[in-house]
Amino acid sequence: MPAPYGRDHATPQQLSDLLEGLLPPAEDATLTTHLGGCERCRGVRDQLNDLPAVLASVSIPPMPTAVASRLDDALAAESQRRADSSGTSPVVVPLDSARRPARNDRARRWFAGVAAAAAAVVGVSVAGNVWTQGGGGADSSGAATSDAGGNDDAGAGAEAGAAGPTDRRATVPDVALDSFAADVRPLYDERAGDFVQLRGGDEARRCSANDLRAETVTGDVGPLVLVDRAELARLVATGPARSRTITAYSCASGEKIASARLRR
Amino acid sequence: MADREPADRELMQRHVDGDPDAFGELVSRHRDRLWAVALRTLRDPDEAADALQDALVSAFRRAGSYRGDAAVTTWLHRIVVNACLDRARRQAVRRAEPLPDNDHHGATGLSPTPRDAVESVAEDTARRDAVLTALRELAPEQRAALVLVDMEGYSVNEAAQILDCPAGTVKSRCSRGRAQLLPLLGAWAPGAADRAVMEPIPAEGRPNRTASRPSQPEQEVT
């Protein structure tokens, strides 16, 4: 390659690539020859060569105790939350529960049905994240959750967690990481090329785009889901109509949790 | 690190099985290293602490999705690095608006003038401040690669696992990052003290900040 070096010198980028072995052989050879006769380029190369050592010498003191205890507190709270939500609360299982592997025996299914019916009238506390939703008829909720199945102890709290007679809790569709594709498929209408309109228009605003990374939410924003009954996430669809990629982004961190490709 | 892996895996399993303390124990085994990664990537201690907390709470919840195909520490690092990158990108967007020069003096409250730092402790701190400030000028992806490979001593392959990209991408990010970092280090650059005057670096070697954000050229590989 003739006259490869502007102003007779290689750029730091070229020299850095040389050191990293990233240059094509011909360019590598040309530059190596050039270095033989150019003190200045050798100097820059040597600086680049020593740069990792300078970076490695930057020491970071251990985590400050204030940060460590804040972290411990956050994880302890998370642990407590997990303990609180497992086992003792009834769960109104959302729309797609029928497709999930049955974890409940017959009695629990029956209990859950009762719980779901109760949920239509009074609030039932639900594990994980749920929001109150104002107004709306009880019957639509009952229909949507009539196949409620449960978590580990669906029966224990049909009477527990009542939030008040006028207060209906809306559920957010539950998806599992293990069966993400299967769980989100019913939420997306492939023919219409859109998300199925779910109950609870209010919910759609609960996890605003502000909470998500601006650059990740570039597709069609879909409903909220509850991932593994623990983490609220926003579904976003991207890609061409015949092969949509559905991605769940955590409402808490904005991070991508799972994604699935739905092909027609 | 490898010898700690069996215990890490056991802690992860205990956590998934419901042990309320296992995850906290796992984190405390690695917290200084995770802290170093977060602080090096973000520079600002408050941002680093926030990113770390977000990441670890998220990791707590997602532990069930850990498949064991990477080391537990790699998995933890990946979540932490991603949380930091997200924040760094937002920092970059904020920084796109012109800031007064003294923005660079903030994090440790030290003067950025290296020549004033005579004592070695002060010099360490000043160098840290200077390097972390210069790092902040890089695109987040390049910064993360340099933090992992040059600062934390991860191999290119380990860094590739953490960053979830090909090893070649890590190499080119490191190479590009070093080339851009060198002129930014000024008096802290390797061998700079031996030179009477730093020669100007050719303009085409300088980062083009307008072109490098917000969508990074490397993103075709992700």
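A.B. asks: Tell me about the overall build of chain B, residues and numbers included.
C.D. replies: Helix and strand counts for chain B come out as eight helices and zero strands. Beginning at the N terminus, the succession of helices and strands in chain B can be written as α-α-α-α-α-α-α-α. Burial status across chain B gives 51% buried among its 222 residues. For chain B, restricting intrachain contacts to residue pairs at least 6 apart in sequence, the fraction spanning at least 24 positions comes to 68%. Accessible surface, chain B: about 9700 Å² in total, of which carbon and sulfur atoms supply 48%.

A.B. asks: Describe the overall build of chain A, listing the residues and the values that go with them.
C.D. replies: Each helix and strand counted, chain A has eight helices and nine strands in total. Considering chain A as a whole, with its 264 residues, one finds that 45% of them fall into the buried category. In chain A, the share of contacts with a sequence separation of at least 24, taken over all contacts with a separation of at least 6, comes to 64%. Accessible area for chain A stands at about 12500 Å²; split by element, carbon and sulfur atoms hold 52% of it.

A.B. asks: Could you give an account of the pairing of strand E9 (residues 256–263) of chain A, naming the residues involved and the relevant values?
C.D. replies: A regular strand places its side chains so that they alternate between the two faces of the sheet. Residues and elements named next belong to chain A. By the bridge criterion, seven bridges tie strand E8 (residues 243–250) to E9 in an arrangement that is antiparallel. Residue Ser-243 lies in a different strand from E9, and its bridge partner there is Arg-263. What sits between the antiparallel neighbours E8 and E9 is a turn of five residues, in which Gly-254 has the positive phi angle 80°.

A.B. asks: Lay out the interface of chain B and chain A in plain terms, naming residues and giving numbers.
C.D. replies: Often the size quoted for an interface is simply the accessible area lost on bringing the parts together. Taken residue by residue, the interface counts 60 residues in chain B and 48 residues in chain A. Summing both sides of the interface, chain B and chain A together bury roughly 5100 Å²; the carbon and sulfur share of this comes to 59%. Our count for the contact surface shared by chain B and chain A stands at five salt bridges. The partner of Arg67(B) in a salt bridge is Asp178(A), and the shortest N-O contact between them spans 3.0 Å.

A.B. asks: Just give me the short version of helix H2 (residues 22–42) of chain B, but keep the residues and values in it.
C.D. replies: Residues and elements named next belong to chain B. The end-to-end C-alpha separation of H2 is 28 Å, in line with the 30 Å expected for 21 residues at 1.5 Å each. Roughly 60° is the biggest bend found in H2, and it falls at His-30. Burial analysis of H2 places 15 of its 21 residues in the buried class, which makes it a mostly covered element. Within two residues after H2, Arg-43 carries a phi angle of roughly 70°, on the positive side.

A.B. asks: Before we move on, can you summarise helix H1 (residues 12–19) of chain A with the specific residues and values?
C.D. replies: Of all the eight residues making up H1(A), six are buried; the element is thus mostly covered by neighbouring parts of the structure. The complete set of buried residues in H1(A) reads Pro12(A), Gln14(A), Leu15(A), Ser16(A), Asp17(A) and Leu18(A). Looking at the packing, one finds that the buried side of H1(A) touches helix H2 (25–37) and helix H3 (39–56) of chain A together with helix H8 (167–185) of chain B. In the segment just after H1(A), Gly21(A) is the residue with positive phi, at about 70°.

A.B. asks: Let's hear about the packing of H2(B) against helix H6 (residues 140–151) of chain B: which residues, and what values?
C.D. replies: Residue and element names in this part refer to chain B. Here H2 crosses H6 at 135°, and the two axes come no closer than 9 Å. One way to sum up the angle between H2 and H6 is to call them oblique. Seen from above, H2 lies across H6 with right-handed handedness. Of the residues in H6, those in contact with Val-37, Arg-40, Thr-41 and Leu-42 of H2 are Arg-143, Val-147, Leu-148 and Met-151. Broken down by class, the residue content of the contact of H2 with H6 amounts to five nonpolar, one polar and two charged.

A.B. asks: Any chance you could break down the packing of aromatic side chains for me, citing the residues and the numbers?
C.D. replies: Residues and elements named next belong to chain B. Inspection of every chain in the model, using the stated rule, returns two aromatic pairs over all chains. With a centroid separation of 5.5 Å and 75° between ring planes, the pair formed by Phe-23 and Phe-60 is classed as edge-to-face. In this pair, Phe-23 is assigned in helix H2 and Phe-60 in helix H3 (residues 45–62), connecting sequence segments 37 residues apart. Relative accessible area serves as the criterion here: at 0%, Phe-23 is assigned to the buried category.

A.B. asks: Can you explain the state of the cysteines? Please cite residues and give values.
C.D. replies: Residues and elements named next belong to chain B. All told, the structure shown has zero disulfides over all chains when counted by the stated rule. Free cysteine: Cys-165, not disulfide-bonded; nearest cysteine sulfur from Cys-174 at 9.4 Å. A residue is classified by how much of its surface remains accessible, and Cys-165, at 8% relative accessible area, is buried.

A.B. asks: Run through the pairing of strand E7 (residues 231–238) of chain A, naming residues and quoting values.
C.D. replies: Residues and elements named next belong to chain A. Most of E7 sits inside the fold, with seven of its eight residues counted as buried. Two strands pair when backbone bridges link them, and strand E6 (residues 220–227) and E7 are joined in this way by six bridges, in the antiparallel orientation. Looking at the pairing, Val-225 lines up with Ala-233 of E7. Linking two consecutive strands that pair antiparallel, namely E6 and E7, is a turn of three residues; a positive phi of about 50° is found at Asp-228 within it.

A.B. asks: I'd love a proper account of the sheet that holds E7(A), names of residues and values included.
C.D. replies: If you trace the five strands from one edge of the open sheet to the other, you get E3-E6-E7-E8-E9 (chain A), paired in mixed fashion. In this open sheet, the two strands that pair with only one neighbour each are strand E3 (174–175) and E9 of chain A.

A.B. asks: Account for the packing of H2(A) against H3(A), naming residues and giving values.
C.D. replies: Residue and element names in this part refer to chain A. Between H2 and H3, whose axes approach to 6 Å, the crossing angle comes to 110°. With respect to each other, H2 and H3 are oriented roughly perpendicular. You can see that H2 and H3 cross each other, and the crossing is left-handed. When H2 is examined against H3, the residues His-34, Leu-35, Gly-36 and Gly-37 are found in contact with a partner set consisting of Glu-39, Cys-41, Arg-42 and Arg-45.

A.B. asks: Give a detailed account of the confidence of the model for chain A, specifying residues and quantitative values.
C.D. replies: Residues and elements named next belong to chain A. On average, chain A scores 66 in pLDDT, and the residues at 70 or more come to 53%. When pLDDT is averaged over each helix and strand of chain A, the minimum, 34, is found for strand E1 (residues 131–132) and the maximum, 94, for H1. Below a pLDDT of 50 lies the segment residues 87–170, which in the model reaches 133 contacts outside its immediate sequence neighbourhood of four places, other chains included.

A.B. asks: Could you give an account of the side chain of Thr247(A), naming the residues involved and the relevant values?
C.D. replies: Residues and elements named next belong to chain A. Relative to the assigned elements, Thr-247 resides in strand E8. In this structure Thr-247 comes out as buried when scored by relative accessible area, which is 5%. When neighbours within four sequence positions are excluded, Thr-247 is seen to be in contact with Arg-234, Leu-235, Val-236, Lys-256, Ala-258 and Ser-259.

Calculation notes
- Residues numbered from 1 in each chain as written.
- Chains lettered and ligands numbered in written order.
- Predicted model: local features only at pLDDT ≥ 70, side-chain atom pairs only at ≥ 80, totals over all residues.
- Heavy atoms only, no water.
- Helix = DSSP H or I, 4+ residues; strand = E, 2+ residues; numbered from the N terminus.
- Buried < 20%, exposed > 50% of the residue type's maximum accessible area, 1.4 Å probe, protein only.
- Contact = heavy atoms within 4.5 Å.
- Areas by Shrake-Rupley, 256 points an atom, 1.4 Å probe, with all protein chains shown as cover.
- Pairing = 2+ DSSP bridges.
- Buried area = accessible area lost by both parts, 1.4 Å probe.
- Salt bridge = Lys/Arg side-chain N within 4 Å of Asp/Glu carboxyl O.
- Expected span 1.5 Å × (residues − 1).
- Bend = angle between axes of the 7 residues up to and from the residue.
- Axes fitted to C-alpha atoms, helices over the stretch in contact; angles between N-to-C directions.
- Parallel < 35°, antiparallel > 145°, perpendicular 65-115°, else oblique.
- Left-handed = near helix turned anticlockwise from the far one by under 90°.
- Nonpolar A, V, L, I, M, F, W, Y, C, P; charged D, E, K, R; others polar.
- Phe/Tyr/Trp six-rings, centres within 6.5 Å; stacked < 30°, edge-to-face > 60°.
- Disulfide = S-S within 2.5 Å.
- pLDDT = per-residue confidence, 0-100.

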